[in-house]
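So the chains spell out like this:
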Amino acid sequence: MLPHARTGVHVLSAHAVIRRLIRSSGVGPDDLVIDFGAGPGTITAPLAATGARVLAVERDVAFVHRLTRRFADQPLVKVVHADLRTVPLPGRDFSVVANIPFALSTVLLRRLLNRRRRSLAAADLVVEWGFAQRIVAARTPETAKWSEKYELRVAGRIRRTDFRPVPRVDSAHLVIRRRGRE
Ligand SMILES: C[S@@+](CC[C@H](N)C(=O)[O-])C[C@H]1O[C@@H](n2cnc3c(N)ncnc32)[C@H](O)[C@@H]1O
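About the thresholds
Residues numbered from 1 in each chain as written. Predicted model: local features only at pLDDT ≥ 70, side-chain atom pairs only at ≥ 80, totals over all residues. Heavy atoms only, no water. Buried < 20%, exposed > 50% of the residue type's maximum accessible area, 1.4 Å probe, protein only. Helix = DSSP H or I, 4+ residues; strand = E, 2+ residues; numbered from the N terminus. Pairing = 2+ DSSP bridges. Right-handed = clockwise from strand over helix to strand, strands pointing away. Core = buried A, V, L, I, M, F, W, Y, C linked by side-chain atoms within 4.5 Å. Contact = heavy atoms within 4.5 Å. Arc of directions from axis to C-beta. pLDDT = per-residue confidence, 0-100. Near = heavy atom within 4 Å. Polar contact = N/O pair within 3.5 Å; in protein donor to acceptor, adjacent residues only side chain to side chain. Areas by Shrake-Rupley, 256 points an atom, 1.4 Å probe, with all protein chains shown as cover. Nonpolar A, V, L, I, M, F, W, Y, C, P; charged D, E, K, R; others polar.

### Concerning the pairing of strand 6 (residues 120-128)
Then, number 1: When you tally the buried positions in strand 6, you get eight out of nine residues, the bulk of the element.
Then, number 2: Across six bridges, the pairing between strand 5 (residues 94-99) and strand 6 is parallel. Bridging from a neighbouring strand, Asn99 pairs with Val126 of strand 6.
Then, number 3: Regarding topology, helix 4 (residues 105-113) serves as the crossover connection from strand 5 to the parallel strand 6, and that connection is right-handed.
Then, number 4: As paired strands, strand 6 and strand 9 (residues 171-178) are joined by seven bridges and run antiparallel to one another. Its bridge partner being in strand 9, Val127 is matched across the sheet by Ala172.

What follows is the structure in structure tokens.
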């Protein structure tokens, strides 16, 4: 079985959507960017093409082997076999561009946005549509606190048919930008 055929892994297959995520992030040479849940490297590859240093974080061993082979000759890409819930985050400024496992959306946002050190500069995430709406509404004390430090907005809807296999629900492009960025 191909790794991406595993239950719950919906690979972003629409190149136009991937290009939009990356263009929105604005990452380029000298930037550090993390692709959480890199899978087969669908987002990792065009991210590396911008000249940014990319950390491709992936928990699944088969995907890690595939990523390691695919990016063996690309010094800008570091494949990190780790769990996004526990992998150490950079101390220097970094961005995130990723189609994350939906079940871990809250955990990841907490890791990124509750840190004392605000080294997350920007994130462009693919998350479940309803989840994105709840986050940007900032109705809970936690999300309200996030929105004091970060701008959170939905840049657009991503149709479920833009993924393989096709999931049951649409997604959103969630944009996160650190406020007061110099
Ligand atoms: C929705 S898929 C996205 C794959 C790829 N980024 C893409 O868009 O084509 C989510 C990926 O996250 C990985 N994953 C799931 N749980 C993880 C965890 N705790 N830590 C790191 N990666 C995880 C899965 O193996 C899968 O490759």
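### Details of the pairing of strand 5
Then, number 1: Where burial is concerned, most of strand 5 is hidden: six out of the six residues are buried.
Then, number 2: Here strand 5 shows no split at all, with Phe94, Val96 and Ala98 on one side and Ser95, Val97 and Asn99 on the other all buried.
Then, number 3: Pairing analysis gives two bridges linking strand 2 (residues 32-36) to strand 5, with the strands arranged parallel. Counterpart to Val33 in the pairing with strand 5 is Ser95.

### Here's the deal with the nonpolar core
Then, number 1: With 32 residues, the main nonpolar core has Phe36, Val96 and Ile176 as its most contacted residues.
Then, number 2: Listing elements by their share of this core, those giving two or more residues are strand 2, strand 3 (53-58), strand 5, helix 4, strand 6, helix 5 (129-137), strand 7 (150-158) and strand 9.
Then, number 3: Among all residues touching Val96, those that are not within four sequence positions of it are Val33, Ile34, Phe36, Leu112, Leu120, Ala122, Ala123, Asp124 and Leu125.
Then, number 4: Counting 22 residues, the second-largest nonpolar core is a separate cluster that includes Ile18, Leu21, Ala38 and Val54.

### Points about helix 1 (residues 15-25)
Then, number 1: Turning to helix 1, its buried residues are Val17, Ile18, Leu21, Ile22 and Ser25. All buried residues of helix 1 project into a common sector of 130° when viewed along the axis, lining one side. Exposed positions of helix 1 whose direction lies more than 90 degrees from the buried face are His15, Arg19 and Arg23.
Then, number 2: Next to the buried residues of helix 1 lie strand 1 (11-12), helix 2 (44-48), strand 5, strand 6, strand 7 and strand 9.
Then, number 3: Following helix 1 by one or two positions, Gly26 adopts a phi angle in the positive range, close to 70°.

### A look at the confidence of the model for the protein chain
Then, number 1: With 95% of its residues at a pLDDT of at least 70, the protein chain reaches an overall mean of 94.
Then, number 2: Of the regions scoring below 50 in pLDDT, residues 1-5 engages in nine contacts with residues more than four places distant in sequence or in other chains.
Then, number 3: In the predicted assembly, ipTM is 0.98 and pTM is 0.95.

### Topic: the site of the ligand
Then, number 1: Near the ligand you find 20 residues, and of these Gly37, Thr42, Glu58, Leu84 and Asn99 are the closest.
Then, number 2: Gly39 has a polar backbone atom sitting 3.5 Å from an oxygen atom of the ligand.
Then, number 3: Alone, the ligand offers 590 Å² of accessible surface; in the complex the protein occludes 95% of this.
Then, number 4: Grouping the amino acids of the shell around the ligand by side-chain chemistry returns 10 nonpolar, five polar and five charged.

### Re helix 4
Then, number 1: Three or more residues of helix 4 are buried, namely Ser105, Leu108, Leu109, Leu112 and Leu113. Taken around the axis of helix 4, the buried residues stretch over an arc of 110°, which confines them to a single face.

### A look at the side chain of Thr44
Then, number 1: Inspection of the secondary structure puts Thr44 in helix 2.
Then, number 2: Using a relative accessible area of 0% as the deciding quantity, one classes Thr44 as buried.
Then, number 3: Of note is the side chain of Thr44, whose polar atom sits 2.7 Å from the side chain of Asp35.
Then, number 4: Beyond its immediate chain neighbours, meaning those up to four positions away, Thr44 contacts Asp35, Ala38, Val54, Ala56, Leu67, Phe71 and Val77.

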